[in-house]
Amino acid sequence: MKFVCLVLCVVVVVQGAFSPVIEQRVADLMASMTLEEKVAQLLIPVNFSLDDIKQKWGTTGVGAIYIDTTGPNLDVRNSMQSYFISNSRLGIPIEWVQEALHSGGVNGTIYPMPVGLSCTWDEDLVTRVHQAIALDSRVWGASRTMSPNMNLYVDPRFGRFQEGFGEDPLITSRMAVAAVKGLQGSLDQDGYYNFSSSIMSNAKHFAAYGITQGGQDGTVADISERTMRDIFLKPWQAVVDAGVGAIMPSHNEIAYNGIPAHGNKWLLTDILMGEMQWEGLISSDFGDIQGLQGYHLAESTEDAAVLGITAGVHMDLGGTSYPPLVDAVNEGKVDISLVNTAVHNVLYTKFATGVMDEPYADTSLLVDLDTAEHRNLALEAAEKSIVLLKNSNNMLPLDASDYSSVAVIGPLGDDASSLAGGYTEFGANIITPLEGIRNFLGTRYPKVSVSYAQGANVMDESTDMLAAAVTLAQSSDLVFVVIGDNQDTCQESWGGRTGDVTTLDFPGGQQNLLEQIVAIGKPTVVVLVAGRPKTFGYMNSVLDQISALLVTWRPGEEGGNAIANIAFGLSAPYGRLTSSWPYSVGQIWGPAHPYWQKYRYYDDQLYTFEPHVPLFPFGFGLTYTSFTLSALVISPLTVPTTGTVTFSVTVRNTGSISGSTVVQLYIADRVASVVRWKKMLYDYKRVTLDSSQSQRISLSVSVEDLGFWDASVSYVVEPGWFDVWVSQDCIDTGLTGSFLVSA
């Protein structure tokens, strides 16, 4: 077996190296299985009643059952488990598979969605959050979760933007590895998970799902093979190396060869299992094997099943597409070795995660999932995920003693579901912004009144509530405007459900509400609750009237308390953007989107009416203090292709209070054999300092990581000069330098 020592010095058995102990158990079981029983293990029924599942597969069993917020309770699940163990010939238990994107089960703690967690730039925090999610998931009987979502979301119109870790491959790699480590924990020397505190991570969606056409879900990834390899596959190699247990292919077509991921042998077999040396489970997304018919690649369900198993998909989430594999094998359309490989990986997963040895959930543990310890962790994560985007004249932090009346205005000011976001297992008490502000002031400044007015709707432009909101703002000393996206305007869009959008402006009557309130001139804090970057109407002109602007993303159950703690200075802003905020949708993935620019001959072109810079750049985030960087030292200045370069800088807190910043290392290849990106992130380090304190820190890059896929699609590290920026966001010049990679 292969071992790797991670950051916390925990020894982890990497999934890619199979345990001889578990291998023998799998081999013994497979030797007794019929073809029908093998194929049944590849099924994950969805949208079947429990009676239907018993009737269809009661004697053969199934591989797993997918569960969500409407799924059966633990007693019913245990009863189902008992039925399959007792009635199927071999008594193979079923595996319970669930979503756990940012919560681990009904009544469990709800943490910030991944887009917010990424803005912490704090891998240790992400690991701790996912350790807690794993605990809640295990209590609910799950042994595998469809998480993390690793797509690089470069188009914020996409409703699933909130599910990922931003637009950058390095951030996504580190956050995804941290999530996998938290979910899976330490495997023992024989390759077994901890059956009570860890859960297999099923990362999704492989690959390039986050690059869309028109911001719509499931559209073609129209990128070159070089871009796919240079950018979109990097996070996947990182989680493969970290030992992720399972991988889910993406919904979309890969334009390189015109084949959707679920039928794409080049992507799954040649790249993932071949070049990337992946040996684990590949589990389909819901209905995507059947979906190959929708792509007009398969005429029948059997044809679709043949394409899926041949491409390398081991399990059928949906359970309707792989049953014809029995006939396909018997007719010689599919080699039995493909089915055997798939069954092997399903059974290996069940043995490793404890399904075979401890198939029943302990109902006595289902008492208080949302513990005080977990709520405190949710509060920490929510506070650290909030990004301060604007703070004119140091309006924040607020001194509550200066105000006698506070107004909370906006349709999201008292909307719990908008703080949770998609793929949420509800049940825990979610603190809204209104409740959080009342909690903070009520315990410290009880004489301050806090009033609420909705002011507008999210889904329509009705002005029926506008006058009351304006009146409340006029009569208050301080105003919080809480606007953004609700559940319906930013979520996975499928089956008639909306979530993708054509504009980043505020939906419904929120833009008008914002303009009316800020025009009053009262001290106003604008709080964005959103799953994506937002724009602020025509030319973003209302931004000039906003003094304080916070984006909270989907902050989870402690979001309201976190907002109040940041606004009133109990905690300091910590977050920094992991995606550029375009000035308008016309900038998306274009030349004014600074993080996705390549060198070009005409490099001085401007838009006619809009600026050529983003609204807020990647890496940006304000604090309640200020920092300077100085004394950059690059060592060595000349390095061989096998070497490492270190960048040392002095970070100083020049403000009057303690605070935290993220020092970011950007590098560009000055001359290359193909057109390269102007600037990419290669390392970063979070630094927390007291007032006037300074610290010498080092960033580094392996020269091997500076390589790229050339015109012949070969990975090369070319000698030459590389330019360097050490800064606090991607357009900040910061400190500059260069080094030479020698031949």
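Up top you'll find the structure we're talking about.
Residues numbered from 1 in each chain as written. Predicted model: local features only at pLDDT ≥ 70, side-chain atom pairs only at ≥ 80, totals over all residues. Heavy atoms only, no water.

(A) Summary view of the sheet that holds strand β15 (residues 449–453). Reading across the sheet, the six strands line up as β13-β18-β17-β16-β14-β15 and stay open at both edges, with mixed pairing between neighbours. Across the chains shown, the open sheet's two edge strands, defined by having one partner strand only, are β13 (387–391) and β15. Geometrically, the sheet is characterised by an average inter-axis angle of 20° between neighbouring strands, direction not taken into account. Note: strand β14 (residues 405–409) against strand β16 (residues 478–484), four bridges, orientation parallel. Residue pairing in the sheet places Ile-409 in a bridge with Val-481 of β16. Helix-sheet contacts for helix α17 (residues 433–444) involve β14, β15 and β16, and the interaxial angle to β15 is about 175°. (Pairing = 2+ DSSP bridges. Helix = DSSP H or I, 4+ residues; strand = E, 2+ residues; numbered from the N terminus. Axes fitted to C-alpha atoms, helices over the stretch in contact; angles between N-to-C directions. Contact = heavy atoms within 4.5 Å.)

(B) Inspection of helix α10 (residues 265–275) at higher detail. Within α10, the full set of buried residues consists of Trp-266, Leu-267, Leu-268, Ile-271 and Leu-272. Backbone nitrogen of Trp-266 and a side-chain oxygen of the N-cap are separated by 3.3 Å at the start of α10; the cap is Asn-264. (Buried < 20%, exposed > 50% of the residue type's maximum accessible area, 1.4 Å probe, protein only. Polar contact = N/O pair within 3.5 Å; in protein donor to acceptor, adjacent residues only side chain to side chain.)

(C) The arrangement of the packing of aromatic side chains in detail. Using the criterion set out here, one finds 20 aromatic pairs in the structure. Judged by centre distance (6.2 Å) and plane angle (85°), the ring pair of Tyr-192 and Phe-195 falls under edge-to-face. Judged by relative accessible area, Tyr-192 falls into the buried class, the value being 12%. Taken together, a centroid distance of 5.2 Å and an interplanar angle of 85° make the contact between Phe-206 and Trp-236 edge-to-face. Pair noted here: Phe-206 is in strand β7 (residues 200–206) and Trp-236 is in helix α9 (residues 234–242), with a separation of 30 residues, a long-range link. An aromatic cluster of at least three residues, connected via ring pairs, comprises Tyr-153, Phe-158, Phe-161 and Tyr-209. (Phe/Tyr/Trp six-rings, centres within 6.5 Å; stacked < 30°, edge-to-face > 60°.)

(D) Layout of the layout of surface pockets. A volume near 1300 Å³ is recorded for the largest pocket. Around the largest pocket, the lining comprises 41 residues; the ones closest to its centre are Leu-170, Ser-173, Lys-234, Ala-238 and Asp-705. As a volume, the second largest pocket reaches approximately 870 Å³. The wall of the second largest pocket is formed by 38 residues, among which Tyr-66, Asp-68, Glu-99, Tyr-423 and Trp-494 lie closest to the centre. Of all the secondary structure elements, the ones that give two or more residues to the lining of the second largest pocket are α3 (50–57), β4 (64–67) and β7. When residues of the lining of the second largest pocket are assigned to their parent elements, the largest contribution, three residues, is made by β4. Tallied by class, the residues present in the lining of the second largest pocket amount to 15 nonpolar, 13 polar and 10 charged. (1 Å grid on protein atoms, 1.4 Å probe; cavity = no way out; pocket = protein on both sides within 12 Å on 5 of 7 lines; lining within 4 Å. Points joined across faces, edges and corners; volume = space filled by probe spheres on them. Nonpolar A, V, L, I, M, F, W, Y, C, P; charged D, E, K, R; others polar.)

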